[in-house]
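Observations on the model geometry
Listed below, chain by chain, are the residues.
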Amino acid sequence: MSARARAIAIALTLALLAGGYLAQRLVVESDFAAFLPRGADARQRWMLDQLRDGPAARLIIAGIAGGTADERVAASRALADALAVRPEFAYASNGSLEVAQKDLDALARHRYVLGADLTASRFTESGLRQALVDGIGTLQSTFAVVEKQFLWRDPTGETMSLLKRLARDMRIRREQGVWVDASGARALLLLQTTATGSDLDGQAAAIAVLEQAFARLASAGQTIVYSSPGAMAVTSRAIVERDAMRVSLMSATGVLLVLLIAYRSLPVVAIAIVAAALGLVAGVAVVQAVFGSVHAITLAFGATLLGEAVDYPSYLLTSGASSFAEGGRRHAVARAMFLAVATTACGSLALLMSGFDGLIELGLLTAVGILAAGAATWWLVPSLVPSGWTFRAWSFGHPETAWRLPVGATVAAFVALTLAAVAVLAWRPLWDDDPARMNPLPASLAAQDRQLREAVGAPDARYVALVRGATVEQALERAEALGGPLADAVARHELGGYALVTDDLPSEATQRRRLAMLPEPDVLRARLREAQRGLPYRADAFAPFVEDVRDAKAAPLLKAADYAGTGIGLRVASLVADAGGEARVLVPLSGIADPGALRRTLTSGRDHVEIVDLRGEVGALLGAFRERAMIATGLGVTMIFAILAIGLRSPSRAARVVAPAILAALWTLAAIAGTGHALTIFHLIAVLLVIGVGVNYMLFLFPAAGERIAGTALASLAVVSATTLCAFGSMATSSIPVLRALGVTVTLGVVATLVACALLVGAMRSRT
Amino acid sequence: MSAARGLAVSIALALAASPACALDLRDIAATLGAVDQSRVRFVDVRTIASLGTPVERRGTLAYAKPSTLEMVVETPLAERLSIVGGTMTIESRGATRVVDLSRGEPLFAWIEGIRATLAGDEAALRKHFDPTVSGTIDRWTLRLAPRDLRLRSLVAGIAISGERERVRVIEVEEASGDHSVMTLTPIAAAGR
């Protein structure tokens, strides 16, 4: 078997194995969440899960606009009715009392364990007497028909005081019995999906049901807007899918065109692509094996990486070392090839160490893909190139004679560019750790979400008091104990407001304490008899009251599950969590004047209470990841330098290769920051890729001691930089911030590296 | 002959009855809508199952076109209730409440039903109720069935009867079985 046949056989076998594995196993994931940071510890992970998968993530706020007020009310009613019976929705309310009836019933049923102001004195003979005298007034009033409905079961008025609290909590404006926004121009609905927030197929199905129902029920000219974490995730998934496809196609087409122009031979172009593609298939297969799925963003990035992986066949092809017949030349390129592949693989270190699942995927794909593409190039390409084909270099000339600059000018240019970059980076505020900027969603959607949230009085909860306990009961008791300090903080204007879930779900201890205030049926009956004396009630008028009190004392205590299907249930479920061995109660806080002071007030002497700044928390996570990315970048540069120092057998030569690459990366960051763009962790991670690319270019300009610069080095650089620019340039047009940041950074990085190369070439003097 | 006579009587009766059969809400609304203002005394007898004796309320009711209604209860509990435009003010037991009726809170719809009847405001009536009409314009009865479920859980129906532009009796049948009958008598000749 000839060397050529063997190479082809091995390559084909490997390609078939990897391809077969992928064909059978490949799962493409496009949930954007993979590109959001994972929490550093269990608590942070729980907080993030809560944001992503908690009951709040299942809430959809919808607004109907257009048409007349009556038409909006009609559409609101029809939509709420249509959705309430759908299995995709656990709850659908337009604020009408028909739906709220379930909430009213739940409150009325559990009034004796819920009453915050319940006192035993209300159930004494004199307390009851007062209630019954008031009851006569109620029966005489014009609105008796409304007010007397609770009288016989609840003469002491517990239900009414709970309803007043409910009305106070639910501040959404009503018109004609349905919720509207402040201007009255939109009818509002609150919906809860049965699917969890991270079940994007379930979320998409619920949204489809909502859209279809609205299309069927709406009158002409009406429009619906809706927002929910789930809906936003579905939208970003659609954007990711669409964008990943577009970027891949654009990049592949560009790379193909560049190669066709450079080589003017279909077989040679095919060989270059095959070598690079083999590497990528191997990379995707490894990602699939390690992660169990491959993200659409990873695939798009992979398609872009093709533009970089194709550099290795290009180095080989353009250096005239592509055939075994020219073994000597191939040997000459060997070292540069090996070093280029090894250093680029090091470039993925920052991705691998990022702490984001999605970025780790990208890193793994890059490392495996580049190594495999390098190997495929080395062993496969020379045996495949048609004999007799040579790269006809354009007239860039030999690097040593191409163009000349005074050495002083080159040094001055480097110093000037670097000083300018340092000045820009020192002057501009550097990092932006706002997680909102990572999402591919257009800003208009975020604004719409904010609007709808404000309309229903559910502003994005930023500050939350987290109360921990070993059991739910303990956490609830501790939350109740926090009620006093919270009320004091409000009275002192340190705090605007708070939502204490124990109003709706008191601890069992509190429930028992309240039930203990209620007299036994016989006692109550006797007291009522006395209290009724002289009043015109029939003897058995309050029999339902005695029954209810007896039932309340005998009934099991109130649990969160008792609120199933009610609006209160939504709130309770979102604020109480039993997370494996630790129960947590969330107390949303609003209107905080001084977070530090409030934190001291609420947490001093209470180890189990924590004040969490949700947005700050995610921002801090990103900050921590950024620091980690810095370390990874430093480590990557060190490794690249070590590999070069050993490979080139000269630290000073290695420094001459690495230094321009690092400076070019610095110019790149300055160019991004200087044009008014905030730097994110993604730009930083891309810096190591830029350094890897720069090192590759320098390697071909500064070979090891005793090796000559290839006469075609400039043409090589032209081809490889053109493919890389095509690929990462396509990525820079992405609407996914992660891809855009990586694309912009690498594109600008290649340009900066080319500037550095041009300056160095100009200063190059013939060594002959 | 007697058969023919019988037939003639039947036809005559049918002809006489037909205007009554054709009586619809629009006729009553038009008649009532022509009234600029009115002032009456009322006696409201409320029968409540769990109360040994009915509650008897007395006071005055004043209406002025197009949408002002004032109800002053003198006994047994002094109350004042006024609707001006879309706003209802209730003064009762030392407290004053203001309710925006345009928000369509169904619990207040029954009072709106009475105002709308007095004003001959057909659209407002149909918003909250399914109205049916019987009798003649000289002696009509307007039955209002609440459309809203929540209101229906409290008020089974309202029957308003009158003679031409004069409303005589307002009966409220509650879902609980309790009911009230409010009889209106003019104080002075209703201004036209």
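Quick note: structure is the one above.
Predicted model, so just to flag it, every value in this text is computed and none were measured.

What counts and how
- Residues numbered from 1 in each chain as written.
- Chains lettered and ligands numbered in written order.
- Predicted model: local features only at pLDDT ≥ 70, side-chain atom pairs only at ≥ 80, totals over all residues.
- Helix = DSSP H or I, 4+ residues; strand = E, 2+ residues; numbered from the N terminus.
- Buried ≥ 20, exposed ≤ 12 C-beta atoms within 10 Å, placed from the backbone.
- Contact = placed C-beta atoms within 7 Å.
- Pairing = 2+ DSSP bridges.
- Axes fitted to C-alpha atoms, helices over the stretch in contact; angles between N-to-C directions.
- Nonpolar A, V, L, I, M, F, W, Y, C, P; charged D, E, K, R; others polar.
- Expected span 1.5 Å × (residues − 1).
- Parallel < 35°, antiparallel > 145°, perpendicular 65-115°, else oblique.
- Left-handed = near helix turned anticlockwise from the far one by under 90°.
- Core = buried A, V, L, I, M, F, W, Y, C linked by C-beta atoms within 7 Å.

Let us look at the overall build of chain A. Of the regular secondary structure elements, chain A holds 29 helices and 13 strands. For chain A, the residues scored as buried account for 49% of the 768 residues in total. Here the contacts in chain A between residues at least 6 apart in sequence split such that 82% fall between residues at least 24 apart.

The next point concerns the overall build of chain B. Summing up its helical and strand segments, chain B has five helices and 11 strands in all. Across chain B, the fraction of contacts at a sequence separation of at least 24, relative to all contacts at a separation of at least 6, is 41%.

So, about the sheet that holds strand β3 (residues 68-75) of chain B. Residue and element names in this part refer to chain B. If you trace the 11 strands from one edge of the open sheet to the other, you get β6-β5-β4-β3-β2-β1-β11-β10-β9-β8-β7, paired in antiparallel fashion. The open sheet has two edge strands with one neighbour each: β6 (95-100) and β7 (129-136). Across the sheet, the axes of successive neighbouring strands diverge by a mean angle of 15°, strand direction being ignored. In the sheet, β3 pairs with strand β4 (residues 79-84) via six bridges, with the strands oriented antiparallel. Opposite L69, over in β4, you have I83 as the bridge partner.

Turning our eyes to something else, we now look at the interface of chain A and chain B. With 20 residues of chain A at the interface, the matching set in chain B holds 27 residues. Among the elements of the structure, α4 (97-109), α6 (125-140), α7 (144-147) and β4 (173-175) of chain A are those that each provide at least two residues to the side of chain A that touches chain B. Residue composition of the side of chain A that touches chain B, grouped by class: eight nonpolar, eight polar and four charged.

Residues and elements named next belong to chain A. Looking at the element boundaries, V572 is found in helix α23 (residues 567-575). You can call V572 buried: it has 21 C-beta atoms within 10 Å. With 72 residues separating them in the primary sequence, V572 and L500 have C-alpha atoms 9.6 Å apart. Discounting residues that sit within four places of it in the chain, V572 has contacts with V501, D504, L505, A560 and Y563.

Turning next to the pairing of strand β2 (residues 55-64) of chain B. All names here are of chain B. Of the two faces of β2, only the one carrying V55, R57, G59, L61 and Y63 is buried; E56, R58, T60, A62 and A64 on the other face are not. Where strand β1 (residues 37-47) meets β2, 10 bridges bridge the pair, whose relative direction is antiparallel. Bridging across to β2, R46 finds its partner in V55. The pairing of β2 with β3 spans seven bridges and is classified as antiparallel. Paired with R58 across the bridge in β3 is T75. Hairpin connection between β2 and β3: a loop of three residues separates the two successive antiparallel strands.

Compared with the 28 Å implied by 1.5 Å per residue over 20 residues, the 27 Å span of helix α28 (residues 713-732) of chain A between its first and last C-alpha is a close match. Here α28(A) lies mainly inside the structure; 19 of its 20 residues are buried.

Between two packed helices, the angle of one axis relative to the other and the distance separating the axes together describe the packing. Residues and elements named next belong to chain A. With their axes 8 Å apart at the nearest point, helix α26 (residues 651-674) and helix α29 (residues 737-763) run at an angle of 130° to one another. In this view, α26 runs oblique relative to α29, as classed from their interaxial angle. Here α26 and α29 pass one another in a crossing that is right-handed. Here P660, A661, L663, A664, A665, W667, T668, A671 and I672 of α26 lie close against α29, whose contacting residues are V744, T745, L748, G749, A752, T753, A756 and L760.

Let us now look at the nonpolar core. Residue and element names in this part refer to chain A. Ranked by size, the top nonpolar core spans 148 residues in total, and within it A275, I297, L306, I685 and I691 carry the most contacts. Here the element with the most residues in this core is helix α27 (residues 681-701); it accounts for 17 residues. Residues contacting I297, with those up to four places away along its chain left out, are F35, V240, A244, G358, I736, V738 and L739. Formed by 94 residues, the second largest nonpolar core is a distinct cluster that contains F89, L189, V549 and I568.

Residues and elements named next belong to chain A. Axis separation between α27 and α29 bottoms out at 8 Å; the angle between their running directions is 30°. The angle between α27 and α29 falls in the class roughly parallel. For the crossing formed where α27 meets α29, the hand is right-handed. Two secondary-structure elements touch here, α27 through F682, H683, A686, V687, L689, V690, V693, G694, Y697 and L701 and α29 through V738, A741, L742, T745, V746, G749, V750, T753, C757, L760 and V761. Tallied by class, the residues present in the contact of α27 with α29 amount to 16 nonpolar, five polar and no charged.

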